[in-house]
Amino acid sequence: MIKNYFKTAFRNLTRNRSYAFINIAGLATGIAVCLVIFIIIRFHSDFDEFHVKKDRIYRVLTEYHHSDSKDVFYGRGVPTALPRGLKSEFPEIEKIAPVYADYNDQLLVPGDNGESSKKFKEEKGVFFTEPSFFSIFDFPLLAGSYTSLKDPDNALLTKETAEKYFGDWKTAIGKSIRLNNTKTLKVSGILATVPPNTDFQLKVVIAYGTGFTGDFAKSTDWDNTGSSFGCYVLLPPRLSSTNFNRQLRTYVKKVKSPDNLDSHIIQSLSDVHFDTKAGNYGRSTISHQLINVLWLIAAFILLIACVNFINLSTAQSVHRAKEVGVRKVLGSNKMQLAFQFLAETFLIVLTALVLAVITAGIALPFVNKILALSLSIEAIKSVAVIWFLISITIIITALAGIYPSVILSRFNPISALKSKISSVNVKGISLRRGLVVFQFIIAQALIIGTLVIVRQMDYFDKQPLGFEKEAVVNIPFPTDSTALSKLDYLKKQLTGISGIQGVSFSSNTPVEDNNDDWTQFLFNQDAKSAGIYAINKSVDDQYLPTYKLSLAAGRNLTPSDTAKEFLVNETLLKKLGINDPHDALNKEMSIWGGQLKGPIVGVIKDFNNRSFRTYIAPLLVTTRKKAYSETAIKLSAADIASEMHSIEKAWNQVFPDYVFEYKFLDEKLESFYKQENQLAQLYKIFAAIAIFLSCLGLYGLASFIAVQRIKEVGIRKVLGATAGNIVYLFSKEFVMLISIAFVIAAPVAGYFMHQWLQDYPYRIDMSWWIFIAGGAASILIALLTVSFQAIKAAIAKPVKSLRTE
């Protein structure tokens, strides 16, 4: 019996190829979108899930309290004294691992037998830590020993890094590499390939205590933090995070300065990848809200595909009325007929599923490029994906097949055989129209959302920053004492290049995104100011002219290698309650417990020193050569390629052992909004798919109405109706349906996009034209879709539609 169901179903589908093709195409598209979204969500949800002790792993966060407000924010950086303090105060903690993540490191591999040395640049992936890190996390070792990290100057390389440096990872043990031309490291172990779904994208792991981290290990500083230095702990099974946080707060109050209001809490490893505020070492996070949005989009796209199937199936119902009548006369009951139509649905879904898997496999490389992910086609073969596909097959078969099968199996055999099945006795027209409205609510909401996101991104791009970003290139340089001693010579070489308009050395650019050093300060010996944090930048005297920063009062810094005087911004003065910038001039400023102090000689006009996700932060600027790490070069923009070639030549002359690598400032600013731009790309794709599927639904409903009203059209033409009248007759109903959808979609999309915009202090106003454009676009696309069936009905000969047989 079941074999007969499927044989008959196959024959019906091959007989109605266009119907089958449209249904399969719609369902395949919907399933492919759901499959890709499922793989993306699964990839993010599995971050660091492979660690055996994951449920007991936590990182320590700093809880920043500002004395001038009730705002609290969290950062991943902790004081350098914290790991040692935890070890002495909380012996019950199983393991404690300090972690320092370094960036933009130069690695030099000495050549053998007269060969030249090989230079490598690691933008990220260099970590300083202790062997305890590998007792907490599971990163398998192929050779060597974790315990070698107890001794300074030892390093572990991942298999891929060792192959890049030495050719064969098996020969790397015992060899040397040189870090930033300051430390020679011995390769004492090789780590296995690091999974892509971890926030620890290790490349080089160096013994904690090597170089500057030796000072960290002995530090007693509880008041200053940096985003690169963190701490992870492994709690014992019976110690809850709530109880530990309570004990930690009590302990922190004892060791911090009395005027330091900050505290520390621990955060579960499972939350790290989703913490968009504190961030992580991989500098890649995704919010739970975005995950939920992706789930909703997947569900809506799948629903739209199912709606199309229902519309197209019921549109074909009149053509199959006689078939149903004959089957009933020959003894088929409603249940058998329902199973017959469900078998057809299952065949369509199964075929669509195969096409969807192929489509998803083809789409994954493009998704990787858009989202900067490393999704593998092998993910489709995973057990989770297979169960997902089985579930989706059952759900779609039931969701899309039950309603049409019930409608078709209920046809009266006498009416069916006499060709009396028409729009009067085929129920569900209102439901089908309602489903089309539902489709276009989703499609128009996505169009409006896409327009808002694109407009917001355009606003970020065109919003004045308060400094020069065009034709400014930033080049990181080595920070050892030998390299720093060459900076004056480097500046002389660079300023001699034709077209170079400015050269400056500094710790970083005017704007950073969650990568700044924050510090407390004391203004004019006033203890009340100690609770305010400010971003601290070390710059030379050419920083302001190179970036074209303006002064509201006072003068620029004088040339100096050490901190002797300060510049502040207007926001810092506002925090202090100073309205006139001139009132702050010559007042003393001190940081780091008085280690650095001097007069305020100038006030910088406010500029956006962070991304547009946050307000302008208080800023302290001083000269301090030992903190410089990059150069900014203002180009003429007339012949950038030639200028960059000359800069590279000068650079290689001064730093022959270092890789020349640069980034234009405007490119850096674009990277701040990477996730927003990715979201905009996704919305564009999903909106296009939703429109495509919705138009398939319209085509189905237009087909149904064309069949049901074929005699009405014939009579109207006999009575003198033109082709234009017939097209208008068909189109006006769809315009009404889409207009109803717009009335619902506009406020819904407006509400959610308004909520999304609230995350940005600097945002657009949602203009009325955005909503009108979204509605007009969907109406135009729908009319183009419907016009095919409308014109086909309008040009048909009346004699064919009016004859009875």
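This text follows the structure it describes.
Note that the coordinates shown come from a computational prediction; the quantities given were computed from them, not determined experimentally. (Residues numbered from 1 in each chain as written. Predicted model: local features only at pLDDT ≥ 70, side-chain atom pairs only at ≥ 80, totals over all residues. Heavy atoms only, no water.)

Across its full length, the protein carries 25 helices and 24 strands. The buried share among the 805 residues of the protein stands at 53%. In the protein, the proportion of contacts linking residues at least 24 apart, taken out of those at least 6 apart, comes to 80%. Carbon and sulfur atoms provide 57% of the accessible area of the protein, an area that totals close to 35900 Å². (Helix = DSSP H or I, 4+ residues; strand = E, 2+ residues; numbered from the N terminus. Buried < 20%, exposed > 50% of the residue type's maximum accessible area, 1.4 Å probe, protein only. Contact = heavy atoms within 4.5 Å. Areas by Shrake-Rupley, 256 points an atom, 1.4 Å probe, with all protein chains shown as cover.)

Overall, antiparallel pairing links the four strands, which are arranged β15-β23-β14-β24 in an open sheet. Since the sheet does not close on itself, it has two edges, and those belong to β15 (502-506) and β24 (663-664), each with one partner. Note: strand β14 (residues 472-476) against strand β23 (residues 630-634), five bridges, orientation antiparallel. Residue pairing for β23: isoleucine 475 is matched across the bridge by threonine 631. Running over the sheet, helix α16 (residues 487-495) touches β15 and β23 and is turned about 155 degrees from β15. (Pairing = 2+ DSSP bridges. Axes fitted to C-alpha atoms, helices over the stretch in contact; angles between N-to-C directions.)

Before going further, it helps to examine the pairing of strand β9 (residues 176-179). Side chains Ile177 and Leu179 of β9 all project onto a buried face; the interleaved residues Ser176 and Arg178 project onto a face where none is buried. Two elements, strand β4 (residues 105-109) and β9, share two bridges in a ladder whose sense is antiparallel. Across the sheet, leucine 108 pairs through a bridge with arginine 178, a residue of β9. As judged from the four bridges shared by β9 and strand β10 (residues 183-191), these two strands associate in the antiparallel manner. Along β10, the bridge assignment pairs leucine 179 with lysine 183. In this antiparallel pair of consecutive strands, β9 and β10, the connection spans three residues, and asparagine 180 shows a positive phi of 50 degrees.

Looking now at the packing of α16 against helix α19 (residues 640-654). The N-to-C vectors of α16 and α19 enclose an angle of 155 degrees; their axes lie 10 Å apart at closest approach. Our classification of the angle between α16 and α19 gives roughly antiparallel. Crossing hand, α16 versus α19: right-handed. Contacts from Tyr489, Leu490, Gln493 and Leu494 in α16 reach Ile647, Ala650, Trp651, Gln653 and Val654 in α19. Looking at side-chain class alone, the contact of α16 with α19 contains seven nonpolar, two polar and no charged residues. (Parallel < 35°, antiparallel > 145°, perpendicular 65-115°, else oblique. Left-handed = near helix turned anticlockwise from the far one by under 90°. Nonpolar A, V, L, I, M, F, W, Y, C, P; charged D, E, K, R; others polar.)

The final tally for this structure, using the stated rule, is 48 aromatic pairs. With centroids separated by 6.0 Å and ring planes inclined at 75 degrees, the aromatic side chains of phenylalanine 50 and phenylalanine 139 adopt a geometry described as edge-to-face. Pair noted here: phenylalanine 50 is in the loop between α2 (17-45) and β1 (57-65) and phenylalanine 139 is in the loop between α4 (132-136) and β7 (141-144), with a separation of 89 residues, a long-range link. (Phe/Tyr/Trp six-rings, centres within 6.5 Å; stacked < 30°, edge-to-face > 60°.)

Its 15 residues place the ends of α19 21 Å apart at the C-alpha level, agreeing with the 21 Å of an ideal helix rising 1.5 Å per residue. Every buried residue of α19 is listed here: Glu643, Met644, Ile647, Ala650, Trp651 and Val654. The buried residues of α19 occupy an angular sector of 125 degrees when projected down its axis, which confines them to one face. Of the exposed residues in α19, those oriented more than 90 degrees away from the buried face are Ala641, His645 and Lys649. Looking at the buried residues of α19, the elements they touch are β14, α16, β23 and β24. (Expected span 1.5 Å × (residues − 1). Arc of directions from axis to C-beta.)

Right, let's get into the pattern of salt bridges. Opposite charge on two side chains permits pairing when their charged atoms draw close. Inspection of every chain in the model, using the stated rule, returns 17 salt bridges. Between glutamate 378 and lysine 381 there is a salt bridge whose closest N-O contact spans 3.5 Å. Per residue, the accessibility class of glutamate 378 equals that of lysine 381, and both read exposed. (Salt bridge = Lys/Arg side-chain N within 4 Å of Asp/Glu carboxyl O.)

On to a nonpolar patch on the surface, then. Nonpolar side chains collect at one region of the surface, where Met736, Ile740, Val743, Ile744, Val748, Tyr751 and Phe752 lie side by side and expose about 680 Å² of accessible area between them. Looking at the secondary structure, you find phenylalanine 752 in helix α23 (residues 723-757). For phenylalanine 752, a relative accessible area of 54% puts it in the exposed group. (Patch = residues over 30% accessible without salt bridge, like charges linked within 9 Å, V, L, I, M, F, W, Y side chains within 5 Å.)

The next point concerns empty space enclosed by the protein. For the structure shown, the criterion picks out three cavities of 30 Å³ or more. By volume, the second largest cavity amounts to about 40 Å³. What lines the second largest cavity is Gln106, Leu107, Leu108, Arg178, Asn180, Asn181, Asp657 and Tyr658. Looking at side-chain class alone, the lining of the second largest cavity contains three nonpolar, three polar and two charged residues. (1 Å grid on protein atoms, 1.4 Å probe; cavity = no way out; pocket = protein on both sides within 12 Å on 5 of 7 lines; lining within 4 Å. Points joined across faces, edges and corners; volume = space filled by probe spheres on them.)

With that settled, consider the side chain of histidine 51. Looking at where histidine 51 falls in the secondary structure, it is placed in the loop between α2 and β1. Ignoring anything within four residues of it in the chain, the contact list for histidine 51 reads Ile57, Phe137, Asp138, Phe139, Thr198 and Leu269.

Let us now look at the pairing of β23. The buried count for β23 comes to five of five residues, which makes it a mostly enclosed element. Note: β15 against β23, five bridges, orientation antiparallel. By the bridge assignment, serine 506 is partnered in β23 with glutamate 630.

We now examine unusual backbone geometry. Residues other than glycine seldom take positive phi values, yet asparagine 104 does so here, at roughly 55 degrees. Topologically, asparagine 104 is positioned in the loop between β3 (95-102) and β4. Although it is not a glycine, aspartate 153 adopts a positive phi angle of roughly 70 degrees. As for its position among the elements, aspartate 153 is in the loop between β7 and β8 (154-158). According to the relative accessible area criterion, aspartate 153 is partly exposed, its value standing at 25%.

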